[in-house]
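# Fold and contact review
Read off the chains here:
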Amino acid sequence: MKSIAYSALTDVGRVRTNNEDNYLVRYLPGERFLLSVVIDGVGGYEGGEVAASMAAESISASMERAALQEPLQDLKEAVTKASNDIYEARLADARLSEMSCVVTAALIDLDKELLYLVHIGDTRLYQFAGGMLTKLSHDHSLVGYWEESGTISEAEAMVHPRRNIIDRSLGDVRHLSSDQDFLDAGIFPIEPGSSFLFCSDGLYDMLTSAEITSVLADSHTLDEKAQLLVAMANEKGGKDNVTVIILQTSAEPAPKPRQASKVAPVAPAPETPKRSKGGKVALIAVLFFALGYAAGFITPGIVKRLEKVHTPKTAPVDTTSVIKDTSLVQKDSLDIKEPQQ
């Protein structure tokens, strides 16, 4: 992949008075990898904004130091560390005891044209390619599962009273990156000319997939698309903070490394064999006997025997990936200064 462009925007919305969303977009050292993260805080005024900020700082610092020999594992470790940092902060400050956050984090590998994804909660990652919008992440919520399984429609999910209940978040307990039912992780190929949309639920709770697709498909710049998505969500009510990140890959694929040709190489022309010392002696002998025969002092019988002796012998031929309904977290109910939306 030759290049990737991006635009990011976050907005408080029309109802909230503080922004618990956060995001991160940056190239890592060497500029082979682009790190893109969208974060939504949980806990309202009791720490959601703090948790989101801590997650962004922790993930950025971890990936700055990462060796990136195993990009997906490095990203899993970074997100896990951020979760444990938040958990420790909860234990240290009673005012932050309910805080956590959800996150969708990705590494774009420009050399290998791959996207490495780590996801927890109900922020989302979509791919837009060939005129189609595809959700790559899976919501860790009961309503999200119902929608993906076809039990309820998208329109029903957008207004469902339990749509903000999630069953996973960063900071709930201490974790290992290998813990079951903690991280979703995957690797996706990148199609040339495709777009990726990272967003918080403040966007997709307000806009349908068709509305999002119409914006991504138009001819506006990336900045204009990001601004338009946020404006449309606010026009629909702006009931939550709204964050969008749009990545646009180059239309032309990167040149592939040259591979060894499968056509058999042409054999070089045979070189004139060098005569050995023995070969020269044999040639002199033949000339000598030919002259002797012509002069009459060597008989045909002698020549025949000598030719047999010096005739070279022929070499012998060798024949020998169901959501658990436990530890549910109500995102809005933890915001003690705002009514549940």
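Please read all numbers here as calculations on a predicted model, not as lab measurements.

### Focus: empty space enclosed by the protein
Volume-wise, the largest cavity comes out at about 160 Å³. Around the largest cavity, the lining is made up of 20 residues, and of these Arg124, Asp139, Glu147, Tyr204 and Asp205 lie nearest the centre. Residue assignment for the lining of the largest cavity shows that the elements contributing at least two residues are strand S6 (124-129), helix H3 (142-149), helix H4 (154-159), helix H5 (201-204) and helix H6 (209-217). Across the lining of the largest cavity, the residue classes tally to 7 nonpolar, 5 polar and 8 charged.

### As for the packing of H6 against helix H7 (residues 222-235)
In the contact formed by H6 and H7, the axes pass within 9 Å of each other and the chain directions differ by 155°. Put simply, H6 runs roughly antiparallel to H7. The element H6 and its partner H7 pack so that their crossing is right-handed. Only Lys225, Leu228, Leu229 and Met232 of H7 make contact with H6, whose side of the interface consists of Glu211, Ile212, Val215 and Leu216. For the contact of H6 with H7, the class distribution of residues is 6 nonpolar, no polar and 2 charged.

### Brief notes about the confidence of the model for the protein
Within the protein, residue pLDDT values average 81, and 73% of them lie at 70 or more. This stretch, residues 257-327, has a pLDDT under 50; its non-local contacts, to residues over four places away or in other chains, come to 24 contacts. Contacts for the low-pLDDT stretch residues 333-341, under 50 throughout, to residues beyond four places or in other chains number 24 contacts.

### Topic: the side chain of threonine 104
Here threonine 104 lies in strand S4 (residues 100-109). Among the polar contacts made by the side chain of threonine 104, one reaches the side chain of histidine 119 at a distance of 2.9 Å. In this structure the side chain of threonine 104 is engaged in a polar contact, spanning 2.7 Å, whose partner is the side chain of threonine 123. Not counting the four nearest positions on each side in its chain, threonine 104 is found in contact with Ser36, Val37, Val38, Leu117, Val118, His119, Thr123, Arg124, Leu125 and Phe198.

### Some remarks on the environment of leucine 107
Here leucine 107 lies in strand S4. C-alpha of leucine 107 to C-alpha of methionine 63: the two residues are 44 residues apart in sequence and 9.7 Å apart in space. Those residues in contact with leucine 107 that sit more than four places away from it in its chain are Leu28, Phe33, Leu34, Leu35, Met63, Leu68, Pro71, Leu75, Leu114, Leu115 and Tyr116.

### Quick word on the environment of lysine 236
Structurally, lysine 236 is set in the loop between H7 and strand S11 (242-249). For lysine 236, a relative accessible area of 43% gives the class partly exposed. For lysine 236 and leucine 203, which are 33 residues apart along the polypeptide, the C-alpha to C-alpha distance reads 9.9 Å. Setting aside residues no more than four positions away along its own chain, lysine 236 makes contact with Met206, Leu207 and Glu211.

### Examining the sheet that holds S6
Across a sheet, strands are paired by hydrogen bonds formed along the backbone, either parallel or antiparallel in direction. With antiparallel pairing, 5 strands are arranged side by side in an open sheet as S1-S11-S10-S6-S7. Single-partner strands in this sheet number two, and they are strand S1 (4-11) and strand S7 (132-135). Neighbouring strand axes in the sheet, compared pairwise and without regard to direction, differ in orientation by 15° on average. In this structure, strand S10 (residues 195-199) lies alongside S11, joined through 5 bridges in antiparallel fashion. The partner of serine 195 across the bridge, within S11, is glutamine 248. Set on the sheet, H7 makes contact with S1, S10 and S11; between it and S11 the angle comes to about 150°.

Rules used in this analysis
Residues numbered from 1 in each chain as written. Predicted model: local features only at pLDDT ≥ 70, side-chain atom pairs only at ≥ 80, totals over all residues. Heavy atoms only, no water. 1 Å grid on protein atoms, 1.4 Å probe; cavity = no way out; pocket = protein on both sides within 12 Å on 5 of 7 lines; lining within 4 Å. Points joined across faces, edges and corners; volume = space filled by probe spheres on them. Helix = DSSP H or I, 4+ residues; strand = E, 2+ residues; numbered from the N terminus. Nonpolar A, V, L, I, M, F, W, Y, C, P; charged D, E, K, R; others polar. Axes fitted to C-alpha atoms, helices over the stretch in contact; angles between N-to-C directions. Parallel < 35°, antiparallel > 145°, perpendicular 65-115°, else oblique. Left-handed = near helix turned anticlockwise from the far one by under 90°. Contact = heavy atoms within 4.5 Å. pLDDT = per-residue confidence, 0-100. Polar contact = N/O pair within 3.5 Å; in protein donor to acceptor, adjacent residues only side chain to side chain. Buried < 20%, exposed > 50% of the residue type's maximum accessible area, 1.4 Å probe, protein only. Pairing = 2+ DSSP bridges.

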